[in-house]
Amino acid sequence: KGLQRNNIKVIAQDPNVSIEEIEKEYNITLEKDNHNQKVDAVIIAVADNEYKELTKEELLSMLNETKIVFDIKNILNKEELEKVGIGLFIIELLY
C-alpha cells in the first residue's frame, strides 16, 4: 500500500495464491493479465520454489532497462544476476 501512496503502480503475482486473496489481504487492485508486461522492478517477497528457480533470463524478460530486483527472502544469487546487469538488493526484514 505504501508503494501505491507514492504513485507507484503495483502488479502483484503469486501462483500459489488466488487474485481474490491478494486483493483482500493487501487491499491491492490487480491487473488480471500482467504476464507479458515489463516492469521497472521486481520485489520477491516469498520463498516459493517458483521464485527460487527463476533464471536470470526469466528475470531479464520481465524487466525494463532499469533491471532492479528486491529480494526480501534472500533466495537469489547476487553475483549471477549482477553479471547480466541486474541490480539485486537483498532486504532483511527484522521482526
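Please refer to the structure higher up on the page.
Notes on the structure in this doc start here. (Residues numbered from 1 in each chain as written. Predicted model: local features only at pLDDT ≥ 70, side-chain atom pairs only at ≥ 80, totals over all residues. Heavy atoms only, no water.)

**Quick notes on the overall build of the protein chain**
- Summing up its helical and strand segments, the protein chain has five helices and three strands in all.
- Listed by position from the N terminus, the elements making up the protein chain come as α-α-β-α-α-β-α-β.
- Pairs at least 24 apart in sequence give 47% of the contacts found in the protein chain among residues at least 6 apart.
- Accessible surface for the protein chain amounts to roughly 7,100 Å². Of this, 50% is attributable to carbon and sulfur atoms. (Helix = DSSP H or I, 4+ residues; strand = E, 2+ residues; numbered from the N terminus. Contact = heavy atoms within 4.5 Å. Areas by Shrake-Rupley, 256 points an atom, 1.4 Å probe, with all protein chains shown as cover.)

**Remarks on the pattern of salt bridges**
- Under the definition given, this model contains three salt bridges.
- Note that lysine 83 is salt-bridged to glutamate 80, the shortest N-O span being 3.1 Å. Linking lysine 83 with glutamate 80, this pair stays in helix H5 (residues 78-83), spanning three residues, or about one helical turn.
- Classification of glutamate 80 by relative accessible area gives partly exposed; the value is 30%.
- A single network of salt bridges, built from pairs that share partners, joins Lys56, Glu80 and Lys83. (Salt bridge = Lys/Arg side-chain N within 4 Å of Asp/Glu carboxyl O. Buried < 20%, exposed > 50% of the residue type's maximum accessible area, 1.4 Å probe, protein only.)

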